[in-house]
Structures are given as C-alpha cells and as structure tokens.
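Listed here are the chains, written in short residue letters.
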Amino acid sequence: MNNQTRNLIFGTLIGAAMGLASAFLLNRRAQETGTELRISTGDGMKLGVMIIGLLRGIAALGEEK
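Values in this document were obtained by computation on a predicted structure and should not be read as measured data.

Peer 1: Account for helix 1 (residues 3-33), with residues named and values stated.
Peer 2: When the terminal C-alpha atoms of helix 1 are compared, their 45 Å separation across 31 residues agrees well with the 45 Å that a helix rising 1.5 Å per residue should span. Residue Gly 34 follows helix 1 closely and has a positive phi angle near 70°.

Given below as structure tokens:
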C-alpha cells in the first residue's frame, strides 16, 4: 500500500471518529439540558469558518517557509 492510499484511509477514519464524537457530545448536551438539539444558522456559519481554517492549516503542513 503506498503512502497516498494509507493517508486517505487514515484521514477517513480520523474524520469519521471526529464526526461521531461531535454528534455524541451534541446529543449528550441536549439530553443534559433537556432541550431539543438545535444549531442556529449563525452557529453553523461559525463552525463552517472554523472547519475551513482547520483544513487550511492541515493543507499548510509540511510546506517549506
């Protein structure tokens, strides 16, 4: 198995694990507060911007300065 394939598989597994952990934490918070899980448009936009920033940071890894 070459490095590209290994990196893709590893990235997929890490992404799936992070998504599962995020959903678990959101559900637990909703249960603890006794409210329905709702994410506002503003919260979704903030999350999207943070994810884009994270992806840009990951893409910059290994670049020569």
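Peer 1: Can you lay out the pattern of salt bridges for me, pointing to particular residues and giving the numbers?
Peer 2: If charged atoms from side chains of opposite charge come close, those side chains can pair. Taken as a whole, this structure holds two salt bridges when the rule is applied. Here Glu 32 ties to Arg 28 by a salt bridge, and the two come within 4.0 Å at their closest N and O atoms. Here the residue Glu 32 and the residue Arg 28 both occupy positions in helix 1, the gap between them amounting to four residues, near one helical turn. For Arg 38, the salt bridge identified is with Glu 36, shortest N-O distance 3.8 Å. For Arg 38, a relative accessible area of 67% corresponds to the exposed category. Under the relative-accessibility criterion, Glu 36 is labelled exposed at 59%.

Peer 1: Which residues make up the environment of Ser 40, and what values go with them?
Peer 2: Topologically, Ser 40 is positioned in the loop between helix 1 and helix 2 (41-60). Residue class for Ser 40 comes out partly exposed when judged on its relative accessible area of 40%.

Peer 1: Account for the layout of surface pockets, with residues named and values stated.
Peer 2: Volume-wise, the largest pocket comes out at about 190 Å³. Looking at the lining of the largest pocket, the elements with two or more residues in it are helix 1 and helix 2. It is helix 1 that provides the largest number of residues to the lining of the largest pocket, a total of four residues. Tallied by class, residues from the lining of the largest pocket come to five nonpolar, one polar and two charged.

Peer 1: Outline a nonpolar patch on the surface, supporting the account with residue identities and numerical values.
Peer 2: Together, Leu 47, Met 50, Ile 51, Leu 54, Leu 55, Ile 58 and Leu 61 make up an exposed nonpolar region whose accessible area comes to about 730 Å². Along the chain, Met 50 turns up in helix 2. On the basis of relative accessible area, Met 50 is assigned to the exposed category, the value being 55%.

What counts and how
Residues numbered from 1 in each chain as written. Predicted model: local features only at pLDDT ≥ 70, side-chain atom pairs only at ≥ 80, totals over all residues. Heavy atoms only, no water. Helix = DSSP H or I, 4+ residues; strand = E, 2+ residues; numbered from the N terminus. Expected span 1.5 Å × (residues − 1). Salt bridge = Lys/Arg side-chain N within 4 Å of Asp/Glu carboxyl O. Buried < 20%, exposed > 50% of the residue type's maximum accessible area, 1.4 Å probe, protein only. 1 Å grid on protein atoms, 1.4 Å probe; cavity = no way out; pocket = protein on both sides within 12 Å on 5 of 7 lines; lining within 4 Å. Points joined across faces, edges and corners; volume = space filled by probe spheres on them. Nonpolar A, V, L, I, M, F, W, Y, C, P; charged D, E, K, R; others polar. Patch = residues over 30% accessible without salt bridge, like charges linked within 9 Å, V, L, I, M, F, W, Y side chains within 5 Å. Areas by Shrake-Rupley, 256 points an atom, 1.4 Å probe, with all protein chains shown as cover.

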